[in-house]
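Chain and residue survey
As a plain string of letters, each chain reads:
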Amino acid sequence: MLVVWSQPMPVLLVLLLMLSAGCSLAITRGGRVTHVSGVAGHGVDLPCDIDTAEPQDQAVLVLWYKNRSGKPTYTFDARGGRSFSDRDGRGGARATFVTHGRSAVLRLDHLEPADEAVYRCRVDFTLSPTRNQRVNLTVIIPPERPVIIFNSRPVSGRVGPLQEGDRLELTCLARGGRPPPRVTWLRDGRLLDDTDSGDQGSGQVTNVLRLPPLGRDDLHSSLVCSAANNNISSPATNDVIIDINFRPMSVAILGSAKSSLQAGSSYSLVCRAYGSRPPAMLSWWLGEVLLDGALTETEQGNISSSTLMFTPRASDNERNLSCRAENRHVTGGTMKDTRKLNVRFRPKVSARLGSILDPEDIKEGTNVYFECSITANPAAYSVSWLHNDQAVVPSPRAGVGDIISINGDTLVIRNLTRRSAGRYVCRAVNPEGEGVSRPVSLTVRYAPVCVSGQKIQYGTSRNEPAQVTCQVDANPADVTFRWQFNTSIETLDLPFSQITSRGLESSAAYTPKTELDYGMLLCTADNAIGRMVRPCVFHIVPAGPPDPVHNCSVVNQTSESLRVSCSAGFDGGLPQRFSAELYDAASGRLERNLSAGRPEFEAERLPAGVELRVRLYASNARGRSRPTTLDGFTLKAAEKRVSSSTVEMPPEDSVSVTPILGVLIGVVASLIIIAIGVVACMRNNSRRAAKPPNPADLVHSSLMIKDGTDATGDAEYRVAPATSPDSVKHIAADDTNPDVVPNKFDPEYEVAESTLLLNHVNVGMGGRNSLLLPTVRPPHAAAPSARDTPYAQEGVTYAELTLPRPGELSRANRSRERVIYATIDHGRAPGGARDTVVRTAPASDQRESVV
């Protein structure tokens, strides 16, 4: 036993304490016992009476013993205020002796089950005898925190989520505790169930709670399980919150269900659902296909909305569009709203060859038909066909080949030719637009034909081979070529060693050795359909220099460059190159010499403002062609004006004439001259209408002039230039209206072309624009017959003037027999003038002239 002394004690006192410890057992056995209860984990006060009746008496030493232990667990020496705790004991440093006047307690903190015992308090006084007091400490052990069991598994904090309409059964299990606890259920602070099972010897107490089918009012209800075995400490509790999932109550697609949609346009569709917990998952379905891209939002907890940007297609017409609100946590938690789509779209067209036809075996001369399938909303009101992007129209009448007829959505072609091969498209139109089908290719099998546009003339020298290429078009393309040389006597086959064939092209190496070897090469091909009807003909000619270039023009010119483009002529049978020589038109100096493989040239870094003469040549191994000359120029460079005090500025009234300004001035001057000419011609025409024309107006023509009379009284005529005095004199006497009318009715005479010009044109007489001469009939001539007067109006008769053809002028001027064949009496002309037309009888190789 350890004792803390406040000061040195006599040996006698120590002996007395040892004796008193043995005697105290007899004293306390028959004494009063104080019962004290404490809760484990809490503190408790063990009373000890240190009061004495003698005022001069006081307690000097307090000793605490546990059960029958002879070793004190706690000592307190009042003389020095010192205390000692047995740290090895269960009391340890948790014990504190507290005095309040004449009362005192031993305060034990953090009780443990091992602290339960009978404690003895021994108090030694100064005068009074030692006092022993017994305290029975009972330690109450609270139960452990209850466990809530749901579906045979512990739950905490939340039970569920449960489904609407489920029945809930919870079990509260309390373990431990001394004495056994009472287990109860409370809901929202109100007692719900206090019927526990009691301690069945297993050291645990249970209480089973059974609730009716759950509804929306049970959401978030708090259920508390309480276990208590004393009124000192708080009960041990565990609580759960009821979590319940609910089915959606409603779902709807907003907007009118009767509205139509246009294919290809975007629409914002909104679907809204409410009443679901957790918020319903909204999804859009087109038929049985899930649509992606919808934006879902949640409002106020149980309201969900979804926005879908929907672009309908033509194939969506009359399909069902659904919005589904789904709560996957609830059985039967799916609702949907469905609409049938009315999608407007332009026609969807598909075309195909007749189902009974074999597209790989269609030959010329057979009949084919195409079928067109159309889907449209609204229905199509127009259907047509295209062949190679050209409209197909029915044949107006039966022909030799390609007889076309259209019956509704079917196109029929009878007696097919290869011209009908190609792409066929069916086109349909409705109020939404136009739809065309994918092209359907029609392949026509036919015998080979010669390809147009290929080179047909080859020039070569003797003993030099010419590589002649023959291209044909055929279907099938598996063709066999045959080459022949056509002479004036016979046709000879070329040996196979000279022929190279590949696909639809064949080449023959032909070498002329004599002059007789020049002529025609015939290329013939045949395939499974047959042999070509007309062979490809190639002309083998002696090689020579190429033809000159043609169609040359200056396509671009600047102040320092010039570009010329031409078209190539015949290459003379040999590869040709092209060259251009640019000369200064003023000095004749050669500025550039260019060559190229094509007749296109561009000369750069030329001097500005220079007139150029361009000579273009084509050349091959046989020589050079004749030159083609073209004039051009470079633009003048822009003037540079420098502001400087040392530079003399040009006068203000000086004018710089640029090429563009010169062209504009020329155009304006030309317009003024043309206007003056038009006015002068109009005035001249008005004067001629007022007076007889001057015979001198007939120029550059040979006229038959009357030169007296012969012995028979007939008039003598001779050929004289129109500008001679004789011609003027006789024309002035005999001709008051020199009009010339071509005679296209008299088969004895024909109209001949002439290079002679008449500068007087009379436009009139019924609106005819003709070159007319009035007919003059001598007095002795007979009246003209109806045949000799092809043109007549208001008593005036006109006859034809036949002029010599080009190259026959010399013969037309020869002397010939002259015959008067028509006389016109101008009854309305002043003075009663008579006009006579003279005809010369035609020789065997001459044309007849009329004056």
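Placed above this text is the structure.
An account of the accompanying structure is given in this report. All residue numbers refer to position in the chain's written sequence, counted from 1. Note on the predicted model: pLDDT of at least 70 is required for a residue's local features to be given, and 80 or more for side-chain atom pairs to be given and counted; whole-chain, interface and lining totals, by contrast, use all residues. Only hydrogens and water are removed before side-chain values are computed, so all heavy atoms of the structure are retained for them.

Details of the nonpolar core
In terms of nonpolar packing, the biggest core is built from 25 residues, with L46, V62, W64, F97, L108 and L137 touching the most fellow members. Here a helix means four or more residues in a row that DSSP labels H or I, a strand means two or more in a row labelled E, and each is numbered from the N terminus. Within the residue set of this core, elements represented by two or more residues are β2 (44-49), β3 (59-66), β4 (74-77), β6 (95-100), β7 (103-108), β8 (117-125) and β9 (131-140). Here this core gets five residues from one element, more than from any other, and that element is β8. Residues are treated as being in contact if the distance between any of their heavy atoms lies within 4.5 Å. Not counting the four nearest positions on each side in its chain, L137 is found in contact with V36, S37, G38, V44, L46, L108, L111, D115, E116, A117 and Y119. Nonpolar cores are built from buried Ala, Val, Leu, Ile, Met, Phe, Trp, Tyr and Cys residues. Side-chain atoms within 4.5 Å join them into one set. Here's how the labels work: a residue is buried when its accessible area is under 20% of the maximum for its type, exposed when over 50%, partly exposed in between, all with a 1.4 Å probe on protein chains only.

Looking at the sheet that holds strand β45 (residues 536-542)
A sheet is described by the order of its strands in space; here five strands give the open sequence β38-β45-β44-β40-β41, paired in mixed fashion. Taken across any chain shown, the strands that pair with only one partner, and hence form the sheet edges, are β38 (457-460) and β41 (491-493). Across the sheet, the mean angle separating the axes of adjacent strands is 30° when strand polarity is ignored. Here the rule is simple: two strands pair whenever DSSP picks up at least two bridges between them. Summarising the sheet, strand β40 (residues 480-486) and strand β44 (residues 519-526) pair through seven bridges and their orientation is antiparallel. Looking at β44, one finds that W483 is bridged to C523. To define axes, lines are fitted to C-alpha atoms, for helices over the stretch in contact only, and angles between the resulting N-to-C directions are given on a 0 to 180 degree scale.

Digging into the packing of aromatic side chains
Only centres within 6.5 Å qualify two rings of Phe, Tyr or Trp (six-membered ring in Trp) as a pair; their planes then separate them into stacked at under 30 degrees, edge-to-face at over 60, and tilted for everything else. Taken as a whole and assessed by the stated rule, the structure comprises seven aromatic pairs. Joined through ring pairs, the aromatic side chains of Y74, F76 and F97 make up one cluster. Of note, R418 hangs over the ring of Y446, and the distance from its end group to the ring centre comes to 5.5 Å. Placement of a positive charge over a ring is assigned whenever Lys NZ or Arg CZ falls within 6 Å of the ring centre and within 35 degrees of the normal to the ring plane. The ring centre of Y583 lies 5.2 Å from the NZ or CZ of R615, which sits over that ring.

Considering a nonpolar patch on the surface
Residues V663, V667, L671, I674, V678 and M682 make up a contiguous nonpolar surface patch of roughly 580 Å² in combined accessible area. Here L671 is to be found in helix α2 (residues 659-690). Patches were defined on residues exceeding 30% relative accessible area and lacking a salt bridge, with like-charge contacts within 9 Å and nonpolar side-chain contacts (Val, Leu, Ile, Met, Phe, Trp, Tyr) within 5 Å. The Shrake-Rupley method, run with a 1.4 Å probe sphere, supplies the accessible areas, and residue values consider only the shown protein chains as cover. When a carboxyl oxygen of Asp or Glu lies within 4 Å of a side-chain nitrogen of Lys or Arg, that pair is called a salt bridge.

Considerations on the pattern of salt bridges
On inspection of all chains with the given rule, the structure shows 32 salt bridges. One salt bridge in this structure joins R122 and D124, with 3.2 Å as the shortest N-O distance. Comparing R122 with D124 shows no difference in burial state: the two are buried. The partner of E581 in a salt bridge is R624, with the nearest N and O atoms 3.9 Å apart. Taken together, the residues span a long stretch of sequence, with E581 in strand β48 (residues 577-584) and R624 in strand β52 (residues 623-624) at a distance of 43 residues. Classification of E581 as buried rests on a relative accessible area of 13%. The exposure class assigned to R624 is partly exposed, which follows from its relative accessible area of 46%. Connected through salt bridges with shared partners, the residues R158, D243 and R277 form a single ionic network.

A look at the sheet that holds strand β14 (residues 182-187)
Sheet architecture is open: five strands sit in the order β12-β18-β17-β14-β15, paired in mixed fashion. The two strands at the open ends of the sheet, each matched to only one other strand, are β12 (157-163) and β15 (190-193). Between one strand and the next, the sheet's axes are offset by a mean angle of 30°, whatever the strand orientation. Two elements, β14 and β15, share three bridges in a ladder whose sense is antiparallel. Across the sheet, the residue bridging to L186 is L191, located in β15.

Here we look at unusual backbone geometry
The peptide bond linking G160 to P161 adopts the cis configuration, its omega dihedral lying at 10°. Assignment of secondary structure puts P161 in strand β12. Between R277 and the following residue, P278, the backbone shows a cis peptide bond with an omega angle of -5°. On the secondary structure map, P278 appears in the loop between β21 (267-274) and β22 (281-286).

Focus: the state of the cysteines
Any pair of cysteine sulfurs within 2.5 Å is marked as a disulfide. All chains considered together, the criterion is met by seven disulfides. Residue C271 pairs covalently with C323 via a disulfide, S to S 1.8 Å. Handedness of the C271-C323 disulfide follows from its S-S torsion of about -90°: it is left-handed. Here the residue C271 occupies a position in strand β21, and C323 occupies one in strand β26 (residues 320-326), the gap between them amounting to 52 residues. Residue C271 is classed as buried on the basis of its relative accessible area of 0%. For C323, a relative accessible area of 0% puts it in the buried group. The partner cysteine of C470 in its disulfide is C523, sulfur to sulfur 2.2 Å. Taking the torsion about the S-S bond as the criterion, the C470 to C523 disulfide, at about -90°, is left-handed. In this pair, C470 sits in strand β39 (residues 466-475) while C523 sits in strand β44, placing the two residues 53 residues apart along the sequence. Neither residue differs from the other here; C470 and C523 are each classed as buried.

As for the pairing of β39
For strand β37 (residues 446-450) and β39, the ladder comprises three bridges, and the chain directions are antiparallel. The partner of V449 across the bridge, within β39, is D473. Bridging between β39 and strand β43 (residues 505-510) involves six bridges; their strand directions are antiparallel. By the bridge assignment, C470 is partnered in β43 with S506.

Here's the deal with the environment of E600
Within the element layout of this structure, E600 appears in strand β50 (residues 600-603). Using a relative accessible area of 32% as the deciding quantity, one classes E600 as partly exposed. Placed 37 residues apart in sequence, E600 and R563 show a C-alpha to C-alpha distance of 7.5 Å. Sequence-distant contacts of E600, defined by excluding residues within four places in its chain, comprise R563, V564 and S565.

Section: the side chain of D584
Here D584 shows up in strand β48. Look at D584 and you get buried, because its relative accessible area is 12%. Apart from the residues within four sequence positions on either side, D584 is in contact with R589, E591, V610, E611 and L612.

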